[in-house]
Amino acid sequence: INQDWLVNYGYSAEETQNAESFLAEIIHPEDLPNIIEHHNRVSHAQDDKSIFEVDYRIRRKDGNWRWVHSRDTVFTRNTEGRVTQILGILHDITENKQGQDALRESERKYRLLFENMTSGFAVHKMIYDEQGKPVDYLYLEINPAFGKLTGVPVNVLLGKTVKEIMPNTEDYWIETYGRVA
(Lines give C-alpha, C1' and ligand atoms only; values in the text may rest on other atoms or scores of the structure.)
Protein backbone atom coordinates (compact mmCIF):
# COMPACT_ATOMS: atom_id res chain seq x y z
CA ILE A 1 0.00 0.00 0.00
CA ASN A 2 1.45 3.35 -0.95
CA GLN A 3 0.80 6.88 0.27
CA ASP A 4 -1.38 7.70 -2.76
CA TRP A 5 -3.84 4.97 -1.77
CA LEU A 6 -3.98 6.15 1.83
CA VAL A 7 -4.52 9.81 0.86
CA ASN A 8 -6.90 9.41 -2.09
CA TYR A 9 -9.11 6.59 -0.82
CA GLY A 10 -9.05 7.33 2.92
CA TYR A 11 -8.43 3.84 4.24
CA SER A 12 -5.59 3.16 6.66
CA ALA A 13 -2.93 0.56 5.93
CA GLU A 14 -4.38 -1.56 8.76
CA GLU A 15 -7.91 -1.44 7.31
CA THR A 16 -6.59 -2.35 3.89
CA GLN A 17 -4.39 -5.24 4.97
CA ASN A 18 -6.25 -6.76 7.92
CA ALA A 19 -9.77 -7.36 6.63
CA GLU A 20 -10.13 -10.55 4.57
CA SER A 21 -13.15 -9.24 2.72
CA PHE A 22 -11.87 -5.68 2.33
CA LEU A 23 -11.73 -5.64 -1.48
CA ALA A 24 -15.12 -7.31 -1.82
CA GLU A 25 -16.58 -4.60 0.42
CA ILE A 26 -15.17 -1.64 -1.51
CA ILE A 27 -15.51 -2.89 -5.10
CA HIS A 28 -18.79 -1.92 -6.77
CA PRO A 29 -21.14 -4.94 -6.73
CA GLU A 30 -21.67 -4.74 -10.50
CA ASP A 31 -17.90 -4.93 -11.07
CA LEU A 32 -17.16 -7.77 -8.65
CA PRO A 33 -17.68 -10.62 -11.18
CA ASN A 34 -15.19 -8.94 -13.57
CA ILE A 35 -12.67 -8.53 -10.75
CA ILE A 36 -12.98 -12.19 -9.75
CA GLU A 37 -12.42 -13.22 -13.39
CA HIS A 38 -9.49 -10.79 -13.65
CA HIS A 39 -7.93 -12.14 -10.45
CA ASN A 40 -8.28 -15.70 -11.73
CA ARG A 41 -6.52 -14.76 -15.00
CA VAL A 42 -3.61 -13.26 -13.08
CA SER A 43 -3.47 -16.14 -10.59
CA HIS A 44 -3.35 -18.71 -13.38
CA ALA A 45 -0.87 -16.86 -15.57
CA GLN A 46 1.68 -19.17 -17.14
CA ASP A 47 4.40 -16.54 -17.18
CA ASP A 48 5.51 -13.69 -14.95
CA LYS A 49 5.71 -11.08 -17.70
CA SER A 50 2.07 -10.79 -18.73
CA ILE A 51 0.20 -7.68 -17.68
CA PHE A 52 -3.53 -7.89 -17.04
CA GLU A 53 -5.73 -4.80 -17.13
CA VAL A 54 -9.23 -4.08 -15.87
CA ASP A 55 -11.41 -1.03 -15.10
CA TYR A 56 -13.73 -1.02 -12.11
CA ARG A 57 -15.19 1.15 -9.37
CA ILE A 58 -13.94 1.46 -5.80
CA ARG A 59 -15.79 3.12 -2.92
CA ARG A 60 -13.64 5.57 -1.02
CA LYS A 61 -13.97 5.72 2.74
CA ASP A 62 -16.11 8.88 2.37
CA GLY A 63 -18.62 6.83 0.32
CA ASN A 64 -17.79 8.29 -3.11
CA TRP A 65 -17.24 5.89 -5.99
CA ARG A 66 -14.13 6.27 -8.12
CA TRP A 67 -13.28 4.55 -11.41
CA VAL A 68 -9.85 2.93 -11.45
CA HIS A 69 -7.73 1.20 -14.06
CA SER A 70 -5.66 -1.64 -12.66
CA ARG A 71 -2.54 -3.12 -14.27
CA ASP A 72 -1.50 -6.33 -12.56
CA THR A 73 1.18 -8.96 -12.96
CA VAL A 74 2.55 -11.94 -11.07
CA PHE A 75 5.02 -10.81 -8.41
CA THR A 76 6.01 -14.04 -6.63
CA ARG A 77 5.27 -17.75 -6.78
CA ASN A 78 5.79 -20.51 -4.23
CA THR A 79 7.99 -23.57 -4.86
CA GLU A 80 5.05 -25.36 -6.55
CA GLY A 81 4.71 -22.46 -9.01
CA ARG A 82 1.46 -21.16 -7.50
CA VAL A 83 1.03 -17.37 -7.54
CA THR A 84 1.39 -16.02 -4.00
CA GLN A 85 1.67 -12.28 -4.65
CA ILE A 86 0.34 -9.98 -7.34
CA LEU A 87 1.81 -6.58 -8.08
CA GLY A 88 -0.86 -4.07 -9.01
CA ILE A 89 -0.79 -0.47 -10.10
CA LEU A 90 -4.03 1.47 -9.78
CA HIS A 91 -4.76 4.65 -11.74
CA ASP A 92 -7.78 6.79 -10.93
CA ILE A 93 -9.64 7.31 -14.22
CA THR A 94 -12.81 8.87 -12.83
CA GLU A 95 -12.44 12.14 -14.73
CA ASN A 96 -11.84 10.24 -17.99
CA LYS A 97 -14.96 8.12 -17.42
CA GLN A 98 -17.02 11.20 -16.56
CA GLY A 99 -15.77 12.91 -19.72
CA GLN A 100 -16.67 9.86 -21.81
CA ASP A 101 -20.12 9.73 -20.22
CA ALA A 102 -20.67 13.45 -20.87
CA LEU A 103 -19.58 13.03 -24.49
CA ARG A 104 -21.93 10.06 -24.99
CA GLU A 105 -24.80 12.05 -23.47
CA SER A 106 -24.02 15.04 -25.67
CA GLU A 107 -23.91 12.81 -28.76
CA ARG A 108 -27.21 11.20 -27.73
CA LYS A 109 -28.87 14.64 -27.38
CA TYR A 110 -27.43 15.81 -30.71
CA ARG A 111 -28.63 12.65 -32.45
CA LEU A 112 -32.10 13.00 -30.90
CA LEU A 113 -32.32 16.64 -32.01
CA PHE A 114 -30.88 15.87 -35.47
CA GLU A 115 -33.30 13.00 -36.12
CA ASN A 116 -36.42 14.76 -34.82
CA MET A 117 -36.08 18.40 -35.88
CA THR A 118 -38.53 19.51 -38.54
CA SER A 119 -35.98 21.65 -40.40
CA GLY A 120 -33.98 19.93 -43.08
CA PHE A 121 -30.34 19.58 -42.10
CA ALA A 122 -27.33 18.17 -43.91
CA VAL A 123 -23.64 17.99 -43.07
CA HIS A 124 -21.37 18.38 -46.08
CA LYS A 125 -17.69 17.99 -46.79
CA MET A 126 -16.42 20.54 -49.28
CA ILE A 127 -14.32 19.33 -52.19
CA TYR A 128 -11.75 21.77 -53.61
CA ASP A 129 -9.63 21.76 -56.74
CA GLU A 130 -5.82 22.23 -56.75
CA GLN A 131 -6.22 26.01 -56.58
CA GLY A 132 -8.47 25.82 -53.52
CA LYS A 133 -11.69 26.62 -55.41
CA PRO A 134 -14.78 24.74 -54.17
CA VAL A 135 -15.95 22.40 -56.92
CA ASP A 136 -18.39 20.03 -55.18
CA TYR A 137 -19.53 18.82 -51.79
CA LEU A 138 -20.19 15.43 -50.30
CA TYR A 139 -23.23 14.55 -48.18
CA LEU A 140 -21.97 13.16 -44.85
CA GLU A 141 -25.09 13.30 -42.66
CA ILE A 142 -28.70 14.06 -43.47
CA ASN A 143 -31.68 14.18 -41.16
CA PRO A 144 -35.06 12.70 -42.14
CA ALA A 145 -36.61 16.17 -42.56
CA PHE A 146 -34.06 17.00 -45.26
CA GLY A 147 -35.18 13.95 -47.24
CA LYS A 148 -38.85 14.89 -46.82
CA LEU A 149 -38.31 18.51 -47.85
CA THR A 150 -36.18 17.71 -50.91
CA GLY A 151 -38.07 14.58 -51.92
CA VAL A 152 -34.78 12.71 -52.24
CA PRO A 153 -34.40 9.70 -49.92
CA VAL A 154 -31.57 10.03 -47.39
CA ASN A 155 -29.96 6.74 -48.49
CA VAL A 156 -29.69 8.08 -52.06
CA LEU A 157 -27.80 11.19 -50.90
CA LEU A 158 -25.44 9.82 -48.24
CA GLY A 159 -21.89 9.38 -49.46
CA LYS A 160 -22.60 11.06 -52.79
CA THR A 161 -21.65 14.50 -54.06
CA VAL A 162 -24.16 17.12 -55.09
CA LYS A 163 -22.90 16.87 -58.68
CA GLU A 164 -23.59 13.13 -58.68
CA ILE A 165 -27.14 13.67 -57.44
CA MET A 166 -27.89 16.95 -59.22
CA PRO A 167 -25.38 17.40 -62.05
CA ASN A 168 -26.93 20.72 -63.10
CA THR A 169 -26.26 22.43 -59.75
CA GLU A 170 -25.05 25.96 -60.42
CA ASP A 171 -21.45 26.72 -59.42
CA TYR A 172 -22.78 29.73 -57.48
CA TRP A 173 -24.27 27.41 -54.82
CA ILE A 174 -21.10 25.37 -54.47
CA GLU A 175 -18.98 28.55 -54.24
CA THR A 176 -21.36 29.97 -51.62
CA TYR A 177 -21.16 26.78 -49.53
CA GLY A 178 -17.37 26.88 -49.95
CA ARG A 179 -17.18 30.43 -48.60
CA VAL A 180 -19.33 29.50 -45.62
CA ALA A 181 -17.17 26.46 -44.91
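Residues numbered from 1 in each chain as written. Predicted model: local features only at pLDDT ≥ 70, side-chain atom pairs only at ≥ 80, totals over all residues. Heavy atoms only, no water.

Describe in detail the overall build of the chain, supporting the description with residues and values.
Counting secondary structure elements, the chain contains nine helices and five strands. Listed by position from the N terminus, the elements making up the chain come as α-α-α-α-β-β-β-α-β-β-α-α-α-α. Rg of the C-alpha trace for the chain: 28 Å, well past the compact-globule value of 16 Å for 181 residues, more than 25% over. With respect to the three principal axes, the spread of C-alpha positions in the chain is 80 × 35 × 30 Å. Here the contacts in the chain between residues at least 6 apart in sequence split such that 42% fall between residues at least 24 apart. In the form shown here, the chain has an accessible surface area of approximately 12,400 Å², with 53% of it arising from carbon and sulfur atoms. (Helix = DSSP H or I, 4+ residues; strand = E, 2+ residues; numbered from the N terminus. Rg over C-alpha atoms; globule rule 2.2 N^0.38 Å. Contact = heavy atoms within 4.5 Å. Areas by Shrake-Rupley, 256 points an atom, 1.4 Å probe, with all protein chains shown as cover.)

For the layout of surface pockets, give the residues involved together with the corresponding values.
Taken as a whole, the largest pocket holds about 1,200 Å³ of empty space. Looking at the largest pocket, it is lined by 35 residues, and the ones nearest its centre are Leu23, Tyr56, Asp72, Ile86 and Gly88. Of all the elements in the fold, those that place two or more residues in the lining of the largest pocket are α1 (3-9), α2 (13-18), α3 (22-26), α4 (32-43), β1 (52-59), β2 (65-77) and β3 (83-92). In terms of residue class, the lining of the largest pocket is made up of 19 nonpolar, 10 polar and six charged. (1 Å grid on protein atoms, 1.4 Å probe; cavity = no way out; pocket = protein on both sides within 12 Å on 5 of 7 lines; lining within 4 Å. Points joined across faces, edges and corners; volume = space filled by probe spheres on them. Nonpolar A, V, L, I, M, F, W, Y, C, P; charged D, E, K, R; others polar.)

So, a nonpolar patch on the surface: which residues are in play, and what are the values?
Together, Tyr172, Trp173 and Tyr177 make up a nonpolar patch on the protein surface, roughly 340 Å² of accessible area in all. Mapped onto the fold, Trp173 is located in helix α9 (residues 171-180). Classification of Trp173 by relative accessible area gives partly exposed; the value is 44%. (Patch = residues over 30% accessible without salt bridge, like charges linked within 9 Å, V, L, I, M, F, W, Y side chains within 5 Å. Salt bridge = Lys/Arg side-chain N within 4 Å of Asp/Glu carboxyl O. Buried < 20%, exposed > 50% of the residue type's maximum accessible area, 1.4 Å probe, protein only.)

Outline the nonpolar core, supporting the account with residue identities and numerical values.
The biggest cluster of nonpolar side chains holds 11 residues, and these are Trp5, Tyr9, Tyr11, Phe22, Ile26, Ile27, Ile35, Val54, Tyr56, Ile58 and Val68. Within the residue set of this core, elements represented by two or more residues are α1, α3 and β1. Take this core: its biggest share by element is three residues, from β1. In this view, Ile58 contacts Trp5, Tyr9, Ile26, Asn64, Trp65, Arg66, Val68 and Leu90; residues no more than four positions away in its chain are not counted. Ranked by size, the runner-up nonpolar core spans nine residues in total, among them Tyr137, Phe146, Leu157 and Val162. (Core = buried A, V, L, I, M, F, W, Y, C linked by side-chain atoms within 4.5 Å.)

I'd love a proper account of the pairing of β3, names of residues and values included.
Direction of pairing for β2 relative to β3: antiparallel, over a ladder of nine bridges. In the strand pairing of β3, Val74 is matched with Ile86. Taking the residues between adjacent antiparallel strands as the criterion, β2 and β3 are bridged by five residues, where Gly81 takes a positive phi near 90°. (Pairing = 2+ DSSP bridges.)

Go over the packing of aromatic side chains, please, and point to the residues and values.
Across all of its chains, the model carries 10 aromatic pairs by this definition. Grouped by ring-pair contacts, the aromatic residues Trp5, Tyr9, Tyr11 and Phe22 constitute a single cluster. Between the NZ or CZ atom of Lys97 and the centre of the ring of Trp67, over which it lies, the distance is 4.4 Å. (Phe/Tyr/Trp six-rings, centres within 6.5 Å; stacked < 30°, edge-to-face > 60°. Lys NZ or Arg CZ within 6 Å of the ring centre and 35° of its normal.)

How would you sum up the environment of Gly10? Please name residues and give values.
Tracing the backbone through its elements, the reader meets Gly10 in the loop between α1 and α2. Gly10 has contacts with Trp5, Glu15 and Lys61, leaving out every residue within four places of it along the chain.

A description of the sheet that holds β1 should follow, citing residues and the corresponding values.
If you walk across this open sheet you meet the three strands as β1-β2-β3, and the pairing is antiparallel. Only two strands of the sheet have a single partner each, and these edge strands are β1 and β3. Pairs of neighbouring strands in the sheet enclose a mean axial angle of 40°, with direction left out of account. Here β1 runs beside β2; their pairing, made up of eight bridges, is antiparallel. Looking at β2, one finds that Phe52 is bridged to Asp72. Where α4 meets the sheet, it contacts β1, β2 and β3, and its direction lies at approximately 140° from that of β1. (Axes fitted to C-alpha atoms, helices over the stretch in contact; angles between N-to-C directions.)

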